[in-house]
Structures are given as C-alpha cells and as structure tokens.
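Fold and geometry: a report
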Amino acid sequence: MFQLLRIDFSRDNRKYLNGLSQTISQVQREFAPARGRIFDRDGELLATNDVQYELGISPPNVVTPKDVATTLSDLLDKSVTDLVLATQSDRPYVLVQRPVSAELGELIKAKRAEGAVDLDGVDLTPIPHRVYPGGQLASQVLGFVAYNQDGRQVGYFGVEGFYNDLLAGHSVKGIERFVPFDVQPDPTPDQGADLYLTLDRDVQYLVEVTMADAINRYGAAGGSIIVINPQNGEILGMSSWPTYDPNNYVQSPPGDPENPVVSGQYEPGSTFKVLTMAAALDSGMVTPQTPFMDAGLVEVGGAFIRNWSGAAYGPVDMVGCLQHSLNVCLASLSTQMGPTTFYNYLSTFGVGHPTGVDLAAEAAGRLKVPGDPDWFESDLGTNAFGQGVALTPLQLATAVSAIANGGTMMQPHILLRVENRKRSFTTQPQVLGRPIKPETAATLTEMLVQSLERGEGSGALVPGYRIAGKTGTAQIPIPGGYDENKTIASFIGWGPVDAPQFLVLINLDQPSSSIWGSETAAPLFGDMVKRLVVLLEIPPDDARRALAGQ
Amino acid sequence: MPSVYADQILRAFRQAPWRKQVQTVAALSIALLIIAVIGGFYLAAASRAGTAGRDVQRLEGRKAELIQENDELRAKLAELRSITRLADRARALGFAPAQMEQVEYLPVKNYPQPALVEAPPPEPVEGPPRAAVVSPGDWLAEQWQSLTGSREGIPMPGG
C-alpha cells in the first residue's frame, strides 16, 4: 500500500553513487614542486619562494555575511555591497582577490582564530610566490616569474626564462583522499633545481651603483655595464639602466623587461677598432710600428671618411692610430685587407652570431657582408670603426675578451652550478673560438696599454695596475643617417694585462655632460675598477708579482 | 552378549537428536567466534588505519605549514641580508667602502688565488717598418681633393 524504502541496484544507479562517493571522498589534483632557488657564486640568495594567498568566499558556508563583508572590506579596500553580494551568490565559490600578501593572509587567519568576528566561509588558499630579496639587484639578469593561464608559475626573461624547465621541476598528478582509511602520503614531485650563478653579488652591486652614479654624473639617458672574466667567460656582473624591481613588475611594469646587454643591438663605434686592428695585425699586414700618413680623409666606395675631430694627424704608427682613434687609419686598414680577410676575421670574432649565452632573448647582431643586398663598398671602410655593424654589448665584450685571453675566446655564461637532490653539476668553460694568434693578442694588448697611457682615455688608468682598453663614441643611427647630437659613449678595458681577471664594457646612452667616451665612460671605468680590484682581491701588479715570487 | 548391548547403547547415543543439535550449535559457535575474532582484528586494524590516516593528514598539513614557514623565514632572512640593506646599514654605522690604497696585501700560505696566466710577450719587430699604408703621394692627393672639392662627408664616430 505504501513504500518506506527502495534500494535500487541498477547499473546506472551504482555508477552514479560510486561517482558521488568518489567526488566527496577524494579529489584528483596536481602536486606542484617548489620552484628552485637562485644564488650568486658565493651562495647569496637572489631568488626564492614564499607564500601568498588566494582569497575567496564559499557562500554556502557563510554564517554571518555581515561579519565577512565588513571585515574583508576593511582589509582589502573593497566595497561592503560587493562583498555582501558575494556571500549571497549561488555559486559554490567566489574569488575575491588573488594574490593577497602573506601579511594580510596571516592577519585574516588571526582574526578568525580570535573569534571576535565570524569568518566562516572565507577561504584562504596558499599559492606559491617568487621573491627577489635584493629588489632591483640583478633584475635584468634574473628575469621574473608570472602565472600563466593555467595558474602555473612560468619564468620570463633572464635566468628565470632560460632555465625555466630546470627551475620549475615536474609536477605529478595524484589523488588526495579525505577519508582517513584511504589516506596515503602525498606524492613527491620532482623539485626544481637550485641554480648557482657566476654573478658575484658584490660586483653586481658595484656595477649597479656605478650605473646609477653615471646616470646622475653624466646626465645619460641610459646605459649598460658588463664585467666578465675573460679567462673562462664567467659573467661577474651585468646591468642596464633603466632597471626595474621584479617583485613589483605588475604594479610598475618595466619599460623593457629584456636585458639590453644581451638583447639590445647598437653600433659600437670606436671600441670596435680593436677588432679591426686585431685582424690587421694577425693577417700580418701591419705591426705596431708600421707608419701611416693620416690625411684626415679617405674615400672608400664613394664615401668620404674623416677622423672624429676632423683633423689630419700626419705621420703616425699603428699605436698612434689607436691612441688618437683615427677613423681614416682603420678604414684604410680594412680596405687594404680586403673584404674577404676583414669579414672573415670579424666572423671568427663572432660578430653577427649569437654568443650562445645562457640568458633568454639573446640577439645575434648584424654584420653585412659582400653579396648582401644592403652591403655597399663603403661599408668596408665604415665597418672598420664600428659604424654600419650592429652588436650586443655582450658580443663585443666576448670578442674583445679573446684579445685579453691570449687569442682564445671563451663562451660567456651565467650558470656556475646546478644542485638538485644533493647532486651537483658544475658548468665547464667552453672555448668559442681562437680568432687570432696568442702573439697577436699580446701585441695588441701592449698597443692598447700604450695608447691608453698616452691617449685620450687616460681617465681609465688605475694606479698600480696595467690596464688595456679603448674608448668609443658612437653615433646613433636614425632614419636617413645619424643623429648629430646624440652619442653612445663607451669604454672597454681589461686587466691586469699579464693575468687578466676582469674585462669591463661600459656604454652610456646620450650623455649630456659630454658626448665623448674619453670624458665619460673612461673615467667611470677607472673609478669602478679601483673598487673592483678590491672586491676581486687583485693586488697591484708589483705586489702580485712579489707575492707570486714568494 | 554384553558386547551386543554395548554397541546398541553406543549407536543409540550417537543417533540421539540432542547430540546433533549440540554439534550444530558448537559448529555455529565456533564459526561465530572465528568471525568475531576476525571482525575484531579487522576493526582494530581499520581503527589503526583510520588513526594512521588522520595522522598522515595532520602531518601533511603540518609539513605544508613548516615548508611555508621555512620559505617565509628564508625570504625574510635573505631580505635582511640583502646587499642594499647591508650597505645602508654599514654607511649608517660610519663604515665606508675600502679604497684601493687602503688595502695591504700580505702573503698567506695556501691562500686560494686564481692561477696566474702569463700572457705571451709581444711579437718582436725586426728590421725597418714595412711600407706605409698610405704613401705621401696618396696623402698629397687626398689633401688636394679636400682643398678642391666640397664633399659631403659622413658623420664620424671616434674616441
């Protein structure tokens, strides 16, 4: 007549009940590993992780909507009306804010624990967060981490971008069970590896302080500095201006998040003459004493090339050509070498090829060669003094490091060591090429030392240390020619020349106090190297030889 | 024949109805006992599994908390040790970066130093210098050209 109970054992019903039971008792989720940390060469932390929260409301669990709305409104600067509407929503979960800082998350937890207000239904879900304790320090080298559409952390630019796979580790999928009888330990994902960089935090700080100082001192619009060890290609410091804080890239997005030292291409100007002279010496065409009659003007492929000062220097030797940075002399050398020899040398120096540095978004530069539709015979002359050829600062530093390192060009790199699960993998220095003979490198080094000691770049000299280097003042190409007022002032130098431990390239964009590299970048180099030798514990040449002899 | 009587008594005893009932009850009791023992063991094991499961849940939660706490402390420590902060603090305490001339180098036995790589000496130059890249004749011609022709030169970079 009436029915109190019916148990339906049909297949469909069993399937439904089974599914319902599994939905309630377990959930399939992805167990993500912690992202690997980044250290400098001495183990100082450059990037690590902490926690932020996702704040949401589960309307079915809210008991006192007024408490929830007013408390969150005070803490989050959100309107009470919106929050009340969220508590009354039909949806099972309403996202209120993501991310919420760790401090705020802890404050909400504390309020809930106090019990003064009823915050039932307020959900705080921890989410991983990347932290850069040094703020702006090495920001362009490190890059930053953001969340992609799936809510996963992904590294962009710099080390974070290049080594994203290593740092991210591998997440595993598993089942989280809520019924105690079925509970099993969470699966362990492959942790992200910790990376130790070749960067020296103290050198990096010096580079950034020097850069900031240069911007004020010389009224430059921007610039970049790189310090590498020419003997093994290790990048010790690298910075560009303007910079940004990777902790706040959302609030203050960087104008250019890329690292201009590896991504920014420019016409290097006179610092490039070092490579032209290296080619001329190595091909046997000239020696340091080869005389040159400087007329102050030379015609190459229909273009008339003058010296930077417009003056004719008369009889000089090759050291004089470098000392006075004579465009006419260098253009004559490249012309006499001929395009095949000249461009072959530039190619072996890596001009026009990426260095293969382990940083994201490296640019290849541009070297026009005969046969290219935009190559003209006049390029043979202008390329000799760094015009009409595009390089990244890192490419130029790498090429010149071959001269500092006895003719052997080492691959620049930023990764020193990888550590994962107590295993350590150390990066081995790689030879990128041997563009010139050791004798040529030694000869040119000596020429650059002499030209620096006698020439316009004497501001770069450091008492007690023999330094080789070259100034540069490059004009900035604009449509239809070159800007007549704006320059890139630069200096590239290394030392101590008998045992080089650093090579520094400084570029200043559009300095307003003086357009010349000899008056801006060169003294800046000198001031910086005076601090650098202390940080790198490099004794003056006399003391070093005396110590080595003991 | 006493043995015949004895057999009859024994058969009657074996075939007695209460005897069968006793056997059945005993068998059921034993079965129940076994089930109860197994059930007891099962309950004990299930209870222990449940307790262990709760422990695992609690420990996983605690582990996550500790990892989070550890990360936060590590980040805070790194922030406190950041070079910008240390430099500011050192400056506030009256320290200044060491200058080159203030440093005295002393020989310390076994102090790790980078290997000294001696660059080869410059190539010796023998005999008179080779021909000039630009001859005096060319130079004169260039000068003549520069005097006679008003030519558009391209802007020149330099030192």
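Check the entry above for the structure.
Here goes a summary of the coordinates provided.

Regarding the overall build of chain B
- Tallying secondary structure elements over chain B gives 4 helices and 0 strands in all.
- Helices (α) and strands (β) of chain B occur, in sequence order from the N terminus, as α-α-α-α.
- On chain B, roughly 12800 Å² of surface is accessible, and the fraction owed to carbon and sulfur atoms is 63%.

Remarks on the pattern of salt bridges
All names here are of chain A.
- On inspection of all chains with the given rule, the structure shows 23 salt bridges over all chains.
- The closest approach of N and O atoms between Asp194 and Arg37, which form a salt bridge, is 3.1 Å. With Asp194 in strand S9 (residues 194-197) and Arg37 in the loop between strand S1 (26-31) and strand S2 (38-39), this residue pair connects regions lying 157 residues apart in the sequence. The pair Asp194 / Arg37 is uniform in exposure class, with both members buried.
- Arg366 serves as the salt-bridge partner of Asp374, at 3.0 Å between the closest nitrogen and oxygen.

Observations regarding empty space enclosed by the protein
- Scanning all chains against the criterion turns up 3 cavities of 30 Å³ or more.
- For the lining of the largest cavity, the secondary-structure elements that each account for two or more residues are helix H11 (318-323), helix H15 (438-454) and strand S20 (468-478) of chain A.
- If you tally residues by element for the lining of the largest cavity, the top one is S20(A), at 3 residues.
- Across the lining of the largest cavity, the residue classes break down as 2 nonpolar, 5 polar and 2 charged.
- Reported here for the second largest cavity is a volume of approximately 50 Å³.
- Lining the second largest cavity we find Leu45(A), Leu46(A), Pro133(A), Gly134(A), Leu137(A), Arg201(A), Ala78(B), Ser82(B) and Ile83(B).

Brief notes about the nonpolar core
Residue and element names in this part refer to chain A.
- Within the largest apolar cluster, 98 residues are counted, with the highest numbers of intra-cluster contacts made by Leu275, Met277 and Leu444.
- No other element matches helix H12 (residues 327-348), which puts 10 residues into this core.
- Look past the residues within four positions of Leu275 in its chain and what remains in contact with it is Leu346, Phe349, Val351, Leu396, Ala399, Val400 and Ile403.

Considering the state of the cysteines
Residue and element names in this part refer to chain A.
- Inspection of every chain in the model, using the stated rule, returns 1 disulfide over all chains.
- Between the sulfur of Cys321 and that of Cys329 lies a disulfide, 2.1 Å long from S to S. One disulfide, between Cys321 and Cys329, carries an S-S torsion of 90 degrees and so falls in the right-handed class.
- We classify Cys321 as buried; its relative accessible area is 0%.

A word on the interface of chain A and chain B
- In this complex, chain A contributes 94 residues to the contact, which on the side of chain B involves 61 residues.
- Together, the buried faces of chain A and chain B total about 6100 Å²; carbon and sulfur atoms form 62% of this surface.
- If you sort the residues of chain A by the area they bury against chain B, Tyr205(A), Met293(A) and Phe304(A) come out on top, with a joint share of 10%.
- Counting the contacts that link chain A with chain B gives 6 residue pairs in polar contact (both at pLDDT 80 or more).

Considerations on helix H16 (residues 521-535) of chain A
Residue and element names in this part refer to chain A.
- Look at H16: 21 Å from first C-alpha to last across 15 residues, which is about the 21 Å you get at 1.5 Å a residue.
- Among the 15 residues in H16, 11 count as buried, and that is most of the element.
- Buried residues of H16: Ala521, Ala522, Pro523, Leu524, Phe525, Gly526, Met528, Val529, Leu532, Val533 and Val534, and no others.
- Against helix H8 (201-218), strand S10 (222-229), S20, strand S21 (481-495) and strand S22 (502-509) lie the buried residues of H16.
- Phi for Glu537, located one or two positions after H16, is positive at around 55 degrees.

Considering the packing of H8(A) against H16(A)
Residue and element names in this part refer to chain A.
- Running from amino to carboxyl end, H8 crosses H16 at an angle of 160 degrees, the nearest separation of the two axes being 11 Å. Here H16 runs roughly antiparallel to H8, going by the angle between their axes. For the element pair H8 and H16, the recorded crossing hand is right-handed. Residues Asp202, Val203, Leu206, Val207, Thr210, Asp213, Ala214, Arg217 and Tyr218 of H8 touch H16, and the partners they reach there are Pro523, Leu524, Asp527, Met528, Arg531, Leu532 and Leu535.

Overview of the sheet that holds S22(A)
Residue and element names in this part refer to chain A.
- Pairing is antiparallel across the open sheet formed by 5 strands, whose spatial order is S11-S10-S22-S21-S20. Every interior strand has two partners, whereas the edge strands, strand S11 (234-241) and S20, have only one. In this sheet, neighbouring strand axes are inclined to one another by 10 degrees on average, regardless of whether the strands run parallel or antiparallel.
- Inspection of the sheet shows S10 paired to S22 by 7 bridges, in the antiparallel sense.

So, the side chain of Asp40(A)
All names here are of chain A.
- Structurally, Asp40 is set in the loop between S2 and strand S3 (45-57).
- Buried charge without a partner: Asp40 forms no salt bridge, and the closest opposite charge is Arg201, 5.1 Å away.
- Here the side chain of Asp40 touches Gly43 through a polar contact of 3.0 Å, landing on its backbone nitrogen.
- Within polar-contact distance, the side chain of Asp40 engages the backbone nitrogen of Arg201 at 2.9 Å.
- Every residue in contact with Asp40, bar those within four places of it in the chain, is listed here: Leu46, Tyr196, Leu197, Leu199, Asp200 and Arg201.

A few points about unusual backbone geometry
All names here are of chain A.
- Omega for the bond connecting Arg98 with Pro99 falls within 30 degrees of zero, at 0 degrees, which places this linkage in the cis form.
- Following Trp241, the chain continues to Pro242 via a peptide bond in cis, the omega torsion being 0 degrees.
- If you trace the backbone, Pro242 turns up in the loop between S11 and helix H9 (260-263).
- In this structure, Asp77 is a non-glycine residue whose phi angle is positive, near 60 degrees.
- When you line up the elements, Asp77 lands in the loop between helix H2 (65-76) and helix H3 (80-87).
- Since its relative accessible area comes to 75%, Asp77 is described here as exposed.
- Positioned with a positive phi, Ala138 is a non-glycine residue whose angle comes to about 60 degrees.
- With respect to the helices, strands and loops of the structure, Ala138 is situated in the loop between strand S5 (122-131) and helix H5 (139-142).
- The class for Ala138 is buried, based on a relative accessible area of 1%.

Notes on the side chain of Asn229(A)
- As for its position among the elements, Asn229(A) is in strand S10.
- Owing to a relative accessible area of 14%, Asn229(A) belongs among the buried residues under this scheme.

Rules used throughout
- Residues numbered from 1 in each chain as written.
- Chains lettered and ligands numbered in written order.
- Predicted model: local features only at pLDDT ≥ 70, side-chain atom pairs only at ≥ 80, totals over all residues.
- Heavy atoms only, no water.
- Helix = DSSP H or I, 4+ residues; strand = E, 2+ residues; numbered from the N terminus.
- Areas by Shrake-Rupley, 256 points an atom, 1.4 Å probe, with all protein chains shown as cover.
- Salt bridge = Lys/Arg side-chain N within 4 Å of Asp/Glu carboxyl O.
- Buried < 20%, exposed > 50% of the residue type's maximum accessible area, 1.4 Å probe, protein only.
- 1 Å grid on protein atoms, 1.4 Å probe; cavity = no way out; pocket = protein on both sides within 12 Å on 5 of 7 lines; lining within 4 Å.
- Points joined across faces, edges and corners; volume = space filled by probe spheres on them.
- Nonpolar A, V, L, I, M, F, W, Y, C, P; charged D, E, K, R; others polar.
- Core = buried A, V, L, I, M, F, W, Y, C linked by side-chain atoms within 4.5 Å.
- Contact = heavy atoms within 4.5 Å.
- Disulfide = S-S within 2.5 Å.
- Buried area = accessible area lost by both parts, 1.4 Å probe.
- Polar contact = N/O pair within 3.5 Å; in protein donor to acceptor, adjacent residues only side chain to side chain.
- Expected span 1.5 Å × (residues − 1).
- Axes fitted to C-alpha atoms, helices over the stretch in contact; angles between N-to-C directions.
- Parallel < 35°, antiparallel > 145°, perpendicular 65-115°, else oblique.
- Left-handed = near helix turned anticlockwise from the far one by under 90°.
- Pairing = 2+ DSSP bridges.
- Lys, Arg positive; Asp, Glu negative; His and termini not counted.

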